[in-house]
Amino acid sequence: MTDPLAARIAALEDREAIRDLIARYGPLADSGDCAGAAALWTEDGIYEVGGFGSYQGRTAIRALLEGESHQQLIHGGAAHVLSPPVIDLDGDRAAARTYSVVFRKAEDGWEAHRVSANLWQLMRTAEGWKVACRINRLLDGSADARALIARMS
Amino acid sequence: MTDPLAARIAALEDREAIRDLIARYGPLADSGDCAGAAALWTEDGIYEVGGFGSYQGRTAIRALLEGESHQQLIHGGAAHVLSPPVIDLDGDRAAARTYSVVFRKAEDGWEAHRVSANLWQLMRTAEGWKVACRINRLLDGSADARALIARMS
Amino acid sequence: MTDPLAARIAALEDREAIRDLIARYGPLADSGDCAGAAALWTEDGIYEVGGFGSYQGRTAIRALLEGESHQQLIHGGAAHVLSPPVIDLDGDRAAARTYSVVFRKAEDGWEAHRVSANLWQLMRTAEGWKVACRINRLLDGSADARALIARMS
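Residues numbered from 1 in each chain as written. Chains lettered and ligands numbered in written order. Predicted model: local features only at pLDDT ≥ 70, side-chain atom pairs only at ≥ 80, totals over all residues. Heavy atoms only, no water.

What follows is about the relation of the copies chain A and chain C. It takes a turn of 120 degrees to lay chain A on chain C, together with a shift of 0.0 Å along the axis; the resulting RMSD is 0.0 Å. Both copies are brought into coincidence by an operation consistent with a three-fold rotation axis. Closest approach to the rotation axis among the C-alpha atoms of chain A is made by Pro84(A), whose C-alpha sits 3.6 Å away. (Least-squares fit on C-alpha atoms with pLDDT ≥ 70 in both.)

This is the structure we're talking about:
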């Protein structure tokens, strides 16, 4: 790509695509589209969920979301809200850092059931940008959750 | 528009304008600018509010926000926070899906008073992008709220 | 800049840079990178914090974040979540309006400890876009917090 304007447009499009990818997680997870949510990852992508465990591959991630814990959550009333990401773009790779807040219906209103730091490793694939690894850690005061969203450069 | 770079820039600008339109709702609603909030919609746009009802046209939407329920809310301390949207652009039409969280001042801190799914139907008009229809449903476990933010394509 | 396409790209890049600048505050504040957070401001930038006071200059802002109140908060478990901003761009200056929600770990889940309106005055510098002034006011029903996020034009 030799046209400098085209390169600048491509960088904006990459950031837009990454923003879009991350924003799609919540609606897919909350609408119960487990296969759709898992397809945000690469075929062998990793989702490490604070307090739960580490899941590798679309099949494992889909099974996690089809499991009793997530299904009870969304059928009781839930919202997986992701914050605007900080995106560090590096060619065909990128890192993004976001907060995620899971709200859960309580008797009166909703409660912030999980508040987490998230580090996303993303890669450009033949299917567009995909999640190679998402690490989620509860912001409960632990040093490793704080370190996850620390400055990268 | 025959220049392919110009078409790519226009698509980015459309997404930016839609993001801007949606982000403006909260500050207008919370600052009490009821006419300004209503003007985000087309002249005969629809705002369907989960648990309240359906309002058509800027006059009706403005009256809703000038009503006792919304006025009490914002004078008691409130924030209408919209999440980053998922945007599906299709020429002069677009759909966007967001979460909305209404925080309300409580005795100690704030409570998540409403947590909702939102589907926005947007259209390009002579005044720029406007909301043709916004459907808001409480994420209280009901299937229709989950369906509202389900994958579109 | 005489190329009209280049001017449109530059405007998109400016909005992207401002979005990035604001999104970086939370992760820097929560990871305890007080110098990094202060460096989002201009050398003599202002941070007016609702309920706390007004701090001018990077040294003062860094000291605020190194202070006992902020340190206790982040070591107990906290997330400084900023909403998608409304950005009004004007050459080398810009204004942005956001919500900020500070979640704090409670015994069961997290509580919304602070919910605020924020007005950011931004300027283009030799180091890129920086915060000249950020005013934060608690959305507790007070008129001045509502006025802070009112329509600008």
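Before going further, it helps to spend a moment on the pattern of salt bridges. All names here are of chain A. All told, the structure shown has 48 salt bridges over all chains when counted by the stated rule. Ionic pairing is found between Arg58 and Glu43, a salt bridge with its closest N-O pair at 3.4 Å. Note that Arg58 is positioned in helix H3 (residues 58-66) and Glu43 in strand E1 (residues 41-49), a separation of 15 residues in sequence. In this structure Arg58 comes out as buried when scored by relative accessible area, which is 15%. (Salt bridge = Lys/Arg side-chain N within 4 Å of Asp/Glu carboxyl O. Helix = DSSP H or I, 4+ residues; strand = E, 2+ residues; numbered from the N terminus. Buried < 20%, exposed > 50% of the residue type's maximum accessible area, 1.4 Å probe, protein only.)

Right, let's get into the packing of aromatic side chains. One pass over the structure, following the stated rule, counts 12 aromatic pairs over all chains. Ring plane angle 80 degrees and centroid distance 6.1 Å describe the contact between Tyr25(A) and Tyr47(A), whose orientation is recorded as edge-to-face. Taken together, the residues span a long stretch of sequence, with Tyr25(A) in helix H1 (residues 4-31) and Tyr47(A) in strand E1 at a distance of 22 residues. One exposure class covers both Tyr25(A) and Tyr47(A), and it is buried. Where Tyr25(B) meets Trp41(B), the ring centres are 6.0 Å apart and the plane angle is 80 degrees; that geometry is what we call edge-to-face. (Phe/Tyr/Trp six-rings, centres within 6.5 Å; stacked < 30°, edge-to-face > 60°.)

For the rest of this paragraph, the subject is the packing of helix H1 (residues 4-31) of chain B against helix H1 (residues 4-31) of chain C. The geometry of a pair of packed helices is captured by two quantities: the angle between their axes and the separation between those axes. Here H1(B) crosses H1(C) at 35 degrees, and the two axes come no closer than 10 Å. Seen from above, H1(B) lies across H1(C) with left-handed handedness. In contact with Leu5(B), Ala6(B), Ile9(B), Ala10(B), Leu12(B), Glu13(B), Glu16(B), Arg19(B) and Asp20(B) of H1(B), H1(C) contributes Leu5(C), Arg8(C), Ile9(C), Leu12(C), Arg15(C) and Arg19(C). Its residues assigned to classes, the contact of H1(B) with H1(C) shows eight nonpolar, no polar and seven charged. (Axes fitted to C-alpha atoms, helices over the stretch in contact; angles between N-to-C directions. Left-handed = near helix turned anticlockwise from the far one by under 90°. Contact = heavy atoms within 4.5 Å. Nonpolar A, V, L, I, M, F, W, Y, C, P; charged D, E, K, R; others polar.)

Opposite the 28 residues of chain B that make contact, chain A presents 34 residues. Summed over both sides, the interface between chain B and chain A buries roughly 2,500 Å², with carbon and sulfur atoms accounting for 61% of that surface. Considering only the surface of chain B that becomes buried against chain A, Leu12(B), Tyr99(B) and Arg146(B) emerge as the three largest contributors, covering 24% of it. Where chain B packs against chain A, one counts six salt bridges. Of the charged contacts in the structure, one is a salt bridge between Arg15(B) and Glu16(A), with a shortest N-O distance of 2.9 Å. Linking chain B to chain A there are 11 residue pairs in polar contact (both at pLDDT 80 or more). The set of elements that each furnish at least two residues to the side of chain B that touches chain A consists of H1, strand E4 (86-90), strand E5 (93-105) and strand E6 (110-125) of chain B. Looking at the side of chain B that touches chain A, the element that brings in the most residues is H1(B), giving six residues. The class makeup of the residues in the side of chain B that touches chain A is 16 nonpolar, three polar and nine charged. (Buried area = accessible area lost by both parts, 1.4 Å probe. Polar contact = N/O pair within 3.5 Å; in protein donor to acceptor, adjacent residues only side chain to side chain.)

Don't take any of this as a statement about function, it's just geometry.
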